[in-house]
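Fold and geometry: a report
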Protein chains: 2
Amino acid sequence: VSHVTAKKREGDDVRVGDIGGEFALIKRLTESQQVTDPDVIIGVGDDCAVIRKDDDTCLLVTADMMVEDDHFSREWYMPEQVGGKLVESNVSDIVSMGGAPRHGIISMSLPAQTTLSFVDRLYDGIYASARRHGLTIIGGDTTRGDNLVLNLTLIGEVKRPLLRTRAMASEGDLICVTGTLGKSMGGLRMLMSGIEGDRSGHLEPRARTWEEAHAIAAHAHAMIDVSDGLASEVAHICEQSGTGAVIYRDRIPLAQAAVTAAEALYESAYDYALYGGEDFELVFTIPEREIDALRTEFDDFSIVGRMTARSEGTTLVSDGEREPLREGFDHFL
Amino acid sequence: VSHVTAKKREGDDVRVGDIGGEFALIKRLTESQQVTDPDVIIGVGDDCAVIRKDDDTCLLVTADMMVEDDHFSREWYMPEQVGGKLVESNVSDIVSMGGAPRHGIISMSLPAQTTLSFVDRLYDGIYASARRHGLTIIGGDTTRGDNLVLNLTLIGEVKRPLLRTRAMASEGDLICVTGTLGKSMGGLRMLMSGIEGDRSGHLEPRARTWEEAHAIAAHAHAMIDVSDGLASEVAHICEQSGTGAVIYRDRIPLAQAAVTAAEALYESAYDYALYGGEDFELVFTIPEREIDALRTEFDDFSIVGRMTARSEGTTLVSDGEREPLREGFDHFL
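Below you will find a few notes about this structure. All values derive from a computational prediction rather than experimental measurement.

Quick look at the packing of helix α3 (residues 79–95) of chain A against helix α4 (residues 116–133) of chain A now. Residue and element names in this part refer to chain A. Packing of α3 against α4 brings their axes to within 6 Å, and their N-to-C directions diverge by 35°. Regarding α3 and α4, the two cross each other, and that crossing is right-handed. Between α3 and α4, the contacting residues are P79, E80, V82, G83, G84, L86, V87, E88 and V91 on the first element and F118, R121, L122, D124, G125, I126, S129, A130, R132 and H133 on the second. Per-class residue counts for the contact of α3 with α4 are 9 nonpolar, 5 polar and 5 charged.

And the structure:
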């Protein structure tokens, strides 16, 4: 407690931008709360909070706030795409823990000059994604503000045996990723540089469905979604599971949009996949013996690496060379 | 559906500020969703959404977004007060339906120049109110933005027999209000005009506790919290319950802060109570035969009127004169 107090005294001169990003800030703010509620199974620290619903079922709760000109620009995004991305990004957090999204509550701060047409189309996008994932918007709050700010809090459910967290990986597990990666960063680079190509991976990302997540969860150990890039997600799993990991760069499934943009810009599509984020694919670890059983139910995934002992750290193998797996890539920050 | 489409075509030239306020906008946006989930007991339209948890229990879900310089100014509010008001306003929505708050999830958009000290103190206020009401902050999202924007989504629980809505009033019920009214507007008028006095009703509003709400819910019919002023809350109950109402102005319990500010400014403290809002007291309707039983458990309330037949409309009786009960008072808008 005295440590916290000492830190607070310093806080007058320190800006939130100076303390090492969002994770450091959230960690600082949540440390000072004593959680005594036995129904809180997981609080801050995973894709969702996990609350006991009954003996068999947990509630999953997650929130995402999107700010205009920080998370999206109306120059690039149609209103439907803004609404869709808000829902898909939250759904991705629910399915990454093995759950199904159920109920969403939306808050909006709207500048007074916002047109009704914009808000109607925003909600068309919200409802289209909600229908796709079988969830219901149950309420919200609407207020005035200088900036367009959107928040969706999403509540989902998961049966206890299907609950998958970042902390459940074991040494020896294979590391797998669904679909292809780098499509969000590929699309963003196209938009930034005026390159022709498929930008939908950035403008219209799609979360995996809860049916797919259930199929994976029945065989996998740890699971997380790709919101900050494969490297960062693997690092989160290692940190929470107390393991190391090795990733084989050449096995990373690249999206065509990533390849197209990277070639045009003389960049690396693998970097888009490793450090780009917002692909909303699932990364999971799975015992080798479960792979065949999973394939009979769901096969849109690639094996990209293996969990190792913690002492081996996190390694990226590229063209036969081993290097430490960096978590971020300044070029994109 | 064609009606909705027709309205949307109009929307290109219409601004959200032009269509009659927040309620009209929310109504428009929620009409286009078909709710088929049988677990959604109440969606949009009451203080909280109500979701079936199990045979005996419902989840209550509510969200409030606060925008700097619209909902609060750092010139007047200490950071702890901003955090406290965020929690208390949401708790008030939960207890107004007879429930107990359980789990909160906070999203924040923070300007880069925000000091750590500000955020630490904001969370001190959040946690102080959370402890007071026995709820746990289970997560959230933190992002950058030009404006400070806060959103709290709060999940509570209520046993089915204690669930109280705006729609449960009966003709003949007495209309009661807890505590005193006008303290938020009184405090605001003091701040705006530099009048000395107790501004805590505006800066540090306190929601009623779930224990108090349980005691009331066991005897009351309809219940709602005072977030927009007594007149507006009574109108909501009448609309949802299909009744009329008569309010006796002289029986409205006035807060001392309302009297002090109104006297200094030659305004009406009753207007503060009727049209001011954010007092976070509870308005409930109750059969006359239940009043004595309630008083043995909870007695900090006043009887201010009676529910009537719908055909009688909503009436305010002042100094023996009857007039239609207005819902708002332009002076404060």
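Turning to the environment of T165 of chain A, a few remarks are in order. All names here are of chain A. Inspection of the secondary structure assignment puts T165 in the loop between β6 (149–159) and β7 (174–178). Residue class for T165 comes out buried when judged on its relative accessible area of 6%. In sequence terms T165 and V50 are 115 residues apart; their C-alpha atoms lie 9.8 Å from each other. Setting aside anything within four residues of it in sequence, one finds T165 in contact with I42, D46, M97, H221, A222 and M223. Polar contacts involving the side chain of T165 include one to the main-chain amide nitrogen of A167, which spans 3.0 Å.

Together, D69, D70, E75 and D146 of chain A together with D69, D70, E75 and D146 of chain B give the surface a local cluster of negative charge. Along the chain, D69 of chain B turns up in the loop between β3 (57–67) and α3 (79–95). Of the residues examined, D69 of chain B reaches a relative accessible area of 61% and is grouped as exposed.

What follows deals with the sheet that holds strand β6 (residues 149–159) of chain B. Strands pair in a sheet through their backbones, by hydrogen bonds, and they do so in one of two ways: parallel or antiparallel. Strand order in the open sheet made by the 6 strands is β1-β2-β3-β6-β4-β5 (chain B), with mixed pairing throughout. In the strand order of this sheet, the two ends are held by β1 (40–42) and β5 (136–144) of chain B, each with one partner. Between one strand and the next, the sheet's axes are offset by a mean angle of 20°, whatever the strand orientation. Here strand β2 (residues 49–52) of chain B pairs with β3 of chain B via 4 bridges, running antiparallel. Bridging from a neighbouring strand, V50 of chain B pairs with L60 of chain B of β3 of chain B. Running over the sheet, helix α2 (residues 21–31) of chain A touches β4 (100–110) and β5 of chain B and is turned about 150° from β5 of chain B. On the sheet, helix α4 (residues 116–133) of chain B packs against β4, β5 and β6 of chain B and is oriented at approximately 170° with respect to β4 of chain B.

Successive side chains on a regular strand alternate, one facing one side of the sheet and the next facing the other. Residue and element names in this part refer to chain A. Pairing geometry for strand β12 (residues 314–318) and strand β13 (residues 321–324), over 4 bridges, is antiparallel. Each bridged residue has a counterpart across the sheet, and for T315 the counterpart in β13 is P324. Counting the residues in the hairpin turn of β12 and β13 gives 2 residues, including D319, whose phi is positive at 50°.

In this section: the packing of aromatic side chains. Residues and elements named next belong to chain B. For the structure on display, the rule yields 8 aromatic pairs over all chains. Seen from their ring centres, F72 and Y77 are 6.3 Å apart, and the 75° between their planes marks the pair as edge-to-face. On the basis of relative accessibility, which here comes to 3%, the residue Y77 falls in the buried class. Where Y123 meets Y127, the ring centres are 5.6 Å apart and the plane angle is 65°; that geometry is what we call edge-to-face. On the criterion of helical spacing, the pair formed by Y123 and Y127 is a turn pair, its members being 4 residues apart in helix α4. The class of Y123 is buried, set by a relative accessible area of 7%. Lying over the aromatic face of F118, R74 brings its terminal NZ or CZ to 4.2 Å of the ring centre. Directly above the aromatic system of Y248 lies the positively charged group of R251, at a separation of 4.7 Å from the ring centroid.

What counts as what
Every chain's residues receive numbers from 1 upward, in the order its sequence appears when written. Chains carry letters from A onward and ligands carry numbers from 1 onward, assigned in written order. Given that the model is predicted, a residue must reach a pLDDT of at least 70 before its local features are reported, and side-chain atom pairs must reach 80 or more before they are shown or counted; all residues, however, enter totals for whole chains, interfaces and linings. Side-chain calculation: all heavy atoms of the structure are included, whereas hydrogens and water are not. Axes, fitted as lines to C-alpha atoms, cover a helix only where it is in contact. Angles between the N-to-C directions of the axes lie from 0 to 180 degrees. Helix and strand definitions here come from DSSP, where helices need a minimum of 4 consecutive H or I residues and strands a minimum of 2 consecutive E residues; each element is numbered from the N-terminal end. In a left-handed crossing the near helix is turned counterclockwise from the far helix by less than a right angle, and in a right-handed crossing that turn is clockwise. Residue contacts are defined here by distance: any two heavy atoms, one from each residue, within 4.5 Å place the two residues in contact. In this count, Pro and Cys sit with the nonpolar residues alongside Ala, Val, Leu, Ile, Met, Phe, Trp and Tyr, while Asp, Glu, Lys and Arg are called charged and the others, Gly among them, polar. Only protein chains enter the accessibility calculation, which uses a 1.4 Å probe. A residue is then buried if its area is under 20% of the maximum for its type, exposed if over 50%, and partly exposed in between. Nitrogen and oxygen atoms within 3.5 Å of one another constitute a polar contact, given that in protein one can donate a hydrogen and the other can accept it, and given that sequence-neighbouring residues count only through two side-chain atoms. Here a patch means residues that are over 30% exposed by relative accessible area and free of salt bridges, tied together within 9 Å if like-charged and within 5 Å if nonpolar (Val, Leu, Ile, Met, Phe, Trp, Tyr). Shrake-Rupley sampling with a 1.4 Å probe provides the accessible areas, and residues are treated as covered by the protein chains on show and by no other component. Within this document, salt bridges are pairs made up of a side-chain nitrogen of Lys or Arg and a carboxyl oxygen of Asp or Glu, the two lying within 4 Å of each other. Counted as positive: Lys and Arg. Counted as negative: Asp and Glu, with His and the chain ends omitted from the count. One atom stands in for each charge, and that atom is NZ of Lys, CZ of Arg, CG of Asp or CD of Glu. Between any two strands, at least two bridges found by DSSP are needed for them to pair. Only Phe, Tyr and Trp rings are paired, with Trp represented by its six-membered ring, and only when their centres lie within 6.5 Å; those with planes under 30 degrees apart are stacked, over 60 edge-to-face, the remainder tilted. Placement of a positive charge over a ring is assigned whenever Lys NZ or Arg CZ falls within 6 Å of the ring centre and within 35 degrees of the normal to the ring plane.

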